[in-house]
Amino acid sequence: MRPARFISLEGGEGVGKSTQLRALGAVFRARGMEVVETREPGGSPGAEAIRHMLLTGAADRWSARAEALLFAAARADHVEKTIRPALQRGAWVLSDRFLDSSRAYQGMGELTDEDILTLHRIGSAGFLPDRTFILMLPEGEAESRAHSRDGDGSDRIGGRDSAFHRRVSQSFARFAAIEADRVRPIDASGEAAAVTARLLRELEDLLP
Ligand SMILES: Nc1ncnc2c1ncn2[C@@H]1O[C@H](COP(=O)(O)OP(=O)(O)O)[C@@H](O)[C@H]1O
Ligand SMILES: Cc1cn([C@H]2C[C@H](O)[C@@H](COP(=O)(O)OP(=O)(O)O)O2)c(=O)[nH]c1=O
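Keep in mind that this is a model prediction, so the values were computed, not measured. (Residues numbered from 1 in each chain as written. Chains lettered and ligands numbered in written order. Predicted model: local features only at pLDDT ≥ 70, side-chain atom pairs only at ≥ 80, totals over all residues. Heavy atoms only, no water.)

This brings us to the UniProt feature "domain: Thymidylate kinase-like" (unreviewed entry) in the chain. Sites flagged by UniProt as "domain: Thymidylate kinase-like" (unreviewed entry) map to residues 9-196. Structurally, residues 9-196 comprises 55% helix and 12% strand, and the distance from its first C-alpha atom to its last is 12 Å. (UniProt positions renumbered as here; feature names shortened; annotations may be inferred. Helix = DSSP H or I, 4+ residues; strand = E, 2+ residues; numbered from the N terminus.)

Given below as structure tokens:
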């Protein structure tokens, strides 16, 4: 029996992460696997409370440093209370965003990628997913998917300008290039079922 695995889905807003998370969860359950679907920021009661503080309020509510620490604190609680216990009892864990979101959103301004990795070492002992998928879509397409879902409403971070979101997407693409073993880019265009099939192909070596 192969061990339970921790998989994260990453990418900008509207690329289809939550849709694919649900689809993968359904496929795994149909194969008799126990699955925990979770998300960041959040995924445990403490981390969900921090999520509320991070995503609501004025754009300047938190400094860049305070924001990065809050994401790291939420992640520490999520890992400790939800992810590790699930893996220990043999459940697969699928997370909508994880560390790489902090690297892409918080680690390319006042703080560096190295700073974010240091916070993660302190908060979560450097715990990493077994595999991370970066869902990739052309800029306009992700925006129109997010817009048809949310209308004009977006959260404190989603509401940042398009230059910011372009840099986020470039950072995600860079992680896939430099950490090819863990981080795999996935073409997120076309029908949802076709995207799910691409993800499953990239999981073949881990599935029981
Ligand atoms: N392959 C797809 N083709 C067209 N629309 C999609 C596809 N996947 C998801 N969507 C729709 O796009 C919007 C954003 O998808 P979602 O899964 O919520 O993205 P994310 O979690 O990355 O923000 C939703 O309204 C969803 O129903
Ligand atoms: C996990 C994480 C999320 N974020 C941002 C990305 C999103 O804008 C927001 C999470 O909102 P969410 O509603 O989960 O994202 P999506 O629109 O992709 O469904 O928080 C960070 O800035 N850093 C992080 O570490």
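Our next topic: helix α5 (residues 113-124). For α5, spanning twelve residues, the distance from its first C-alpha to its last is 16 Å, which sits close to the expected 16 Å at 1.5 Å a residue. Within α5, burial applies to Asp113, Ile116, Leu119, His120 and Ser124. The arc that holds every buried residue of α5, seen down its axis, measures 120°, which confines them to one face. The outward face of α5, more than 90 degrees from its buried face, is lined by the exposed residues Glu114, Arg121 and Ile122. Considering only its buried residues, α5 is in contact with α3 (64-88), α4 (99-106) and α7 (162-178). Just past α5, the residue alanine 125 takes up positive phi, approximately 55°. (Expected span 1.5 Å × (residues − 1). Buried < 20%, exposed > 50% of the residue type's maximum accessible area, 1.4 Å probe, protein only. Arc of directions from axis to C-beta. Contact = heavy atoms within 4.5 Å.)

The feature "binding site: ATP" (unreviewed entry), as given by UniProt, occupies Gly11, Gly12, Glu13, Gly14, Val15, Gly16, Lys17 and Ser18 in the numbering adopted here. As for its position among the elements, lysine 17 is in helix α1 (residues 17-30). Non-local contacts of lysine 17, meaning those with residues more than four positions away in its chain, are made with Leu9, Glu10, Gly11, Gly12, Asp96, Arg97 and Leu135. The topology assignment puts serine 18 in helix α1.

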